[in-house]
Amino acid sequence: MADMKLEGVYKSYGDVEVLHGVDIDITDGEFVVFVGPSGCGKSTLLRMIAGLEDISGGDISISGERVNDKPPADRGIAMVFQSYALYPHMSVRKNMAFGLSIAKLGKAEIKTRVDAAAEKLQLTELLHRRPAQLSGGQRQRVAIGRAIVREPQVFLFDEPLSNLDAALRVNTRLEIAKLHQDLQNTVIYVTHDQVEAMTLADKIVVMNGGNVEQIGSPMDLYHRPANLFVAGFIGSPKMNFLPGTVVSVDGSSIAVQVAGSLSGTVTFDRPGNSCSSGDSITLGVRPEHLTAAGNELSGAVEVVERLGDVSYIYLNLADGERLVIAESGTTEVAPGEKIGCNLDPASLHLFDADGKVVN
Amino acid sequence: MPGFAKSGKRFPTHIVVFLAPAVIVYTLFMIYPLLDSLRVSFYTPDDTGALSFVGLGNYETLFFDENWSKGFWNALSNNFILFAIHMLVQNPIGLLLAALLSLPTVRGRNIYRTAMFLPTMMSVVIIGFVWQLILNPLWGVAETLLDIIGMVDYFQPWLGQESTALVTISLISVWQFVGIPMMLIYAALLNIPEELTEAAIIDGANHWQVFWRIKFPLILPTLGIVSILTFVANFNAFDLIYAIKGGLAGPNFATDIMGTFFYRVLFGFQLQMGSNGMGATVAAMMFLIILTGVIIFFFAVQRRLLRHSF
Amino acid sequence: MSSKPLVQKSLSATLVHGILICYSILALWPIFLVLINSFKSRKGIFNDPMALPSAETFSTIGFDKVLGRSNFDVYFFNSITVTVLTLGITLLIGAMAAWALAGYKYKLNTLLAFYLAIGIMVPIRLGTVSILKLVVAMGLMNTLTALVLVYIAMSLPLTIFILSEFMQQIPNDLKEAARCDGVSEYRIFFQIILPLTRPAIATVGVFTMVPVWNDLWFPLILTADDSVRTVTLGVQQFVGQYVTDWNSVLASLTLAIVPVFILYIIFSRQLIRGITAGAVK
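Residues numbered from 1 in each chain as written. Chains lettered and ligands numbered in written order. Predicted model: local features only at pLDDT ≥ 70, side-chain atom pairs only at ≥ 80, totals over all residues.

S.K.: Could you clarify how one ought to interpret the overall build of chain C in this entry?
M.R.: Broken down by element type, chain C carries 13 helices and 0 strands. Along chain C, helices and strands appear, N-terminal first, in the series α-α-α-α-α-α-α-α-α-α-α-α-α. Relative to a compact globule of 281 residues, whose C-alpha radius of gyration would be 19 Å, chain C shows 24 Å and is clearly more extended. When the backbone C-alpha atoms are referred to their principal axes, chain C occupies close to 75 × 70 × 35 Å. Residues counted as buried form 43% of the 281 residues belonging to chain C. (Helix = DSSP H or I, 4+ residues; strand = E, 2+ residues; numbered from the N terminus. Rg over C-alpha atoms; globule rule 2.2 N^0.38 Å. Buried ≥ 20, exposed ≤ 12 C-beta atoms within 10 Å, placed from the backbone.)

Listed below in structure tokens is the structure:
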């Protein structure tokens, strides 16, 4: 069983610590996506799992076995690189067979495995070509094929779609998803694109500044972000944030004064344990949970984007805050118009001064 | 704007101005002398000193006249020995040093590079004298060093003996110029993306396999360039042998190569008079050899080596 | 990489550094040996060649003799004159020609580029017979001017090749934007292109300088007087004449080595960057 455990894994270059103790549990067959802004340490973590970077501290184990000191080839992993890293002087067949020939597998065995992988990835016609004679999407498939033939316990993908154009990216994303359903291997996939993370993952690990911010299923992260960073990172367009002040807390409900709100306070039916009145607090609300009706918050429409199925209204509130409202269908609202909207406490998120969610 | 459309068709004076100085100097002092020299190789001065056309006469003399042909074939074969030693010693050492320098974990590579490239920057004449002093039995430095590693019995006046002089001089030249293949190969190795190496390591290759199965095939075009540069430089060499051995390329012409042979034919030596016609003929032969080498290289070898853009 | 146990890793690192250090010593030692012995007395040179000059063996007699018997200052002046003039003119007219090839499209473009590249592979020495005739006919025999002209012709092909490769990477938009502003083609070259080419010019400068400074062939053939000798020829003649005077020989070699050594240390970064940037592809 190819489950994987990361315990207190950290990484430092000299005095600079770039990963501050990461704990992740991955179960067999899971599709795990590491997502975060560039420089958050997600690629470094992947390279440590692959064995391309030293592990400064902590343990990584695969199938219950500690792999810290094992060479990459003995870890039961295969990796697909961002630039594909295909060997330019070898044909597609040789590219896929290289690792197997290093492992001294028999010729017949190698051929069977390569042919099978090529069949699965529709590369059979291209086996004799060199990487330079392939399109971007085909190279991508060869890179995946090279990983498949090794029959690894864990697939590692390092931003594999970032070199493809938008249309191809959606296609390949689907193929990777299908492939995973087909092979049922454990996958660790690194990306900075939250859409890729949301569409592919069973489990998302959101990273920022060398820390894990939250681990959870896509819907978990979307509906129950643990902190401001995750709330802002997941979802497009971004969640709206409005500053507010806690007016009162009584153990079962919490009342908040929202800046720029006309109707005074909003009351939430949650204990709000960590809060006391007078605290400043941040309210988060997703654009799709707002409708352009009501008068709790009001402002002038700045820009309207109509995408057909959905329209985004950019609102300038009286006190200078900005708000995005997503309306399904085509809205009639025009720039310059004064409109208002209401807040629904049930779909609002509250974050305390440290950015932690308030329940 | 009527002037605008016209200016597009105006005679491009500026291009001519940009090109003229370089093209004129280059043509006058490089191309014209090369062509004129080829022309002169078909002429010989008569008793009055005026040139008269002799067709391939000079070439016949060079190949078949005992007085000339012996020297010519000797110089040519020595030149091939010089080239062979460079290919077999200089370029493998250059490859080894470049491979070591390009290892990701090596610290201080700037210092190594700078040190190992230093001799290449020096004048061949200076290097020739330096080694002449070191190998001189009078001074005894080489002997002392061999003594330290317990091989003093092997010491011989290598530069003075007919049997060893050419090899010794070739090795001095290798010592001086190994920096060039080293740097070119090093640059090619640095050009290979790190992800390729990493992919190979994940595929289970060790450093040795990564080098020979991934990196080496990828730098073949550079090795090709290094070979042809070596070829051209060797068949154009002159300074080192002239500095160490003088125009006579002794002992007994054992170190004579095309460059020194050309010099003697052109300016004369001992009882032989210098000759423009024969000098031009030797130059034409050198031209032919270099051209043949370059053509074989570009059309037969380099075209088959795939270049890879990463 | 964490793939090997620590001991094995440090062992192979030691081996790598061992080889590199050995070869570095091999490369530097002969030059070092000449330098230290040039500051020794004759006795010091022969008794213990490998020792540094001590109070007992220190002597500058070699230098005194060299400077007394030959015109080293003149040789230096000549070498510097020839090299600087060659360098300046080659870079200027080479850059102009490179821009004419890289910056404009016209019928003869490719042909001209090929014509100008012939000299990269064909050594100029092979035209010596006719260069000699030409120099005599122009009345330039025994002048530095002849050397400068020949060296410019010798240096142009590689200069033009490298610079035009570099200039091809300058975005076309820049030239077109300037042209839309009504800037003349000459000002585009001198005020926009040339400044942008500076890094490549530095590299090409070193490539040009070294063979010119070190050349023996053309000074040997085109100059006869002591007053127009370059350092390389001067040393060659001097050593030939005083072969048995070890002090003088070592001192003259040192005098020839030191300036190149200093320049190399200053420019090595530029040079090495130039080569590793793929100047010769």
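S.K.: Got a minute to help me understand the interface of chain C and chain B in this structure?
M.R.: Reports often express the size of an interface as the amount of accessible area lost when the parts come together. Each side of the interface is counted separately: chain C has 64 residues, and chain B has 65 residues. The element best represented in the side of chain C that touches chain B is helix α1 (residues 6–37) of chain C, accounting for 12 residues. Residue classes in the side of chain C that touches chain B are distributed as 50 nonpolar, 12 polar and 2 charged. (Contact = placed C-beta atoms within 7 Å. Nonpolar A, V, L, I, M, F, W, Y, C, P; charged D, E, K, R; others polar.)

S.K.: Even after reading the chapter, I still don't get helix α10 (residues 198–214) of chain C, so can you show me in this structure?
M.R.: Each α-helix winds once per 3.6 residues, and so residues spaced three or four apart point in a common direction. Compared with an ideal rise of 1.5 Å per residue, which puts 17 residues at 24 Å, α10 of chain C spans 25 Å between its outermost C-alpha atoms and is within 8% of the ideal. Within α10 of chain C the residues assigned to the buried category are A200, T203, V204, G205, T208, M209, V210, V212, W213 and N214 of chain C. (Expected span 1.5 Å × (residues − 1).)

S.K.: Sorry if this is basic, but what is going on with the packing of helix α3 (residues 57–64) of chain B against helix α4 (residues 66–101) of chain B here?
M.R.: Describing two packed helices takes the angle between their axes plus the distance from one axis to the other. All names here are of chain B. Between α3 and α4, the shortest axis-to-axis distance is 5 Å and the interhelical angle comes to 70°. Taken as axis vectors, α3 and α4 run roughly perpendicular relative to one another. Facing T61, L62, F63 and F64 of α3, the residues of α4 in contact are W68, S69 and F72. Each residue belonging to the contact of α3 with α4 can be placed in one class, and the counts come to 5 nonpolar, 2 polar and no charged. (Axes fitted to C-alpha atoms, helices over the stretch in contact; angles between N-to-C directions. Parallel < 35°, antiparallel > 145°, perpendicular 65-115°, else oblique.)

S.K.: How should the packing of α4 of chain B against helix α12 (residues 220–234) of chain B be read in this particular structure?
M.R.: All names here are of chain B. The N-to-C vectors of α4 and α12 enclose an angle of 145°; their axes lie 10 Å apart at closest approach. The two elements α4 and α12 meet at a crossing, and its hand is right-handed. Contacts from N79, L82, F83, H86, M87, Q90 and N91 in α4 reach V226, S227, T230, F231 and N234 in α12. Taken together, the residues that form the contact of α4 with α12 break down as 5 nonpolar, 7 polar and no charged. (Left-handed = near helix turned anticlockwise from the far one by under 90°.)

S.K.: In this structure, what is going on with the confidence of the model for chain B? I would like to understand it.
M.R.: Atom-level detail of predicted coordinates should not be read off regions where pLDDT is low. The predicted model of chain B averages 87 in pLDDT, with 95% of residues at 70 or higher. Throughout residues 1–7 of chain B the model reports pLDDT below 50, and contacts reaching past four residues in sequence, or to other chains, amount to 0 contacts. (pLDDT = per-residue confidence, 0-100.)

S.K.: When you look at the sheet that holds strand β16 (residues 310–317) of chain A in this model, what are you seeing that I'm missing?
M.R.: Backbone-to-backbone hydrogen bonds pair the strands of a sheet. The strands run either parallel or antiparallel. Residues and elements named next belong to chain A. Ordered by their spatial adjacency, 4 strands build an open sheet running β17-β16-β15-β18, and the pairing between neighbours is antiparallel. Two strands in the sheet have a free side with no partner beyond their single neighbour: β17 (322–328) and β18 (338–341). Strand-to-strand, the axes of this sheet are offset by a mean angle of 45°, without reference to chain direction. Here strand β15 (residues 297–306) pairs with β18 via 4 bridges, running antiparallel. (Pairing = 2+ DSSP bridges.)

S.K.: Looking at this structure, how should I read the sheet that holds strand β7 (residues 154–158) of chain A?
M.R.: Residues and elements named next belong to chain A. Reading across from one edge, β6-β7-β8-β3-β9-β10 is the order of the 6 strands in this open sheet, with mixed pairing throughout. Every interior strand has two partners, whereas the edge strands, β6 (77–80) and β10 (211–216), have only one. Neighbour-to-neighbour, the strand axes of this sheet turn through a mean angle of 15°, independent of strand direction. Pairing geometry for strand β3 (residues 31–35) and strand β9 (residues 203–208), over 4 bridges, is parallel. The residue of β9 that forms the bridge with V32 is K203. Contacting β6 and β7, helix α4 (residues 136–148) crosses the sheet at an angle of about 175° to β6.

S.K.: Where do I start with the confidence of the model for chain C in this structure?
M.R.: Residues and elements named next belong to chain C. Averaged over every residue, the pLDDT of chain C is 87; residues scoring 70 or more account for 94%. In the model, residues 1–6 has pLDDT below 50 throughout and makes 9 contacts with residues more than four positions away in sequence or in other chains. Scored as a whole, the predicted complex attains pTM 0.87, and scored at its interfaces, ipTM 0.89.

S.K.: Please clarify how the nonpolar core should be interpreted in this entry.
M.R.: The tendency in soluble globular proteins is for nonpolar side chains to be buried as a group. Residues L156 of chain A together with A97, V150 and A153 of chain C are the most contacted members of the largest nonpolar core, which totals 269 residues. At 18 residues, helix α7 (residues 144–167) of chain C tops the list of elements feeding residues into this core. Setting aside its immediate chain neighbours within four residues, A97 of chain C contacts F18, L19, A22 and V23 of chain B together with L116 and I160 of chain C. (Core = buried A, V, L, I, M, F, W, Y, C linked by C-beta atoms within 7 Å.)

S.K.: Hey, could you run me through the pairing of strand β12 (residues 254–258) of chain A in this one?
M.R.: The two faces of a sheet get side chains in turn, since along a regular strand they alternate between them. Residue and element names in this part refer to chain A. Burial along β12 is one-sided: I254, V256 and V258 are buried, and none of A255 and Q257, which face the opposite way, are. Note that strand β11 (residues 240–249) and β12 share 5 bridges and pair antiparallel. Each residue of the ladder has a partner; that of V246, found in β12, is V256. Across 4 bridges, β12 lies against strand β13 (residues 265–268) in antiparallel orientation. When the sheet's bridge partners are listed, Q257 is paired in β13 with T265.

S.K.: Any chance you could explain the pairing of β3 of chain A here in plain terms?
M.R.: Residues and elements named next belong to chain A. Of all 5 residues making up β3, 5 are buried, and the element is well covered by its neighbours. Direction of pairing for β3 relative to strand β8 (residues 186–191): parallel, over a ladder of 5 bridges. When the sheet's bridge partners are listed, V33 is paired in β8 with Y189.

S.K.: Any chance you could explain the environment of P137 of chain B here in plain terms?
M.R.: Residue and element names in this part refer to chain B. Tracing the sequence through the fold places P137 in the loop between α6 (124–135) and α7 (141–148). A count of 14 C-beta atoms within 10 Å places P137 in the partly exposed class. Once the C-alpha coordinates of P137 and Q156 are considered, the two residues, 19 residues apart in sequence, prove to be 8.0 Å apart. Setting aside residues no more than four positions away along its own chain, P137 makes contact with E143 and P157.

S.K.: Sorry, what's going on with the environment of A103 of chain A here?
M.R.: When you line up the elements, A103 of chain A lands in the loop between α2 (92–102) and α3 (107–120). Considered as a pair, A103 of chain A and R150 of chain A are 47 residues apart in the sequence and their alpha carbons are 9.6 Å apart.

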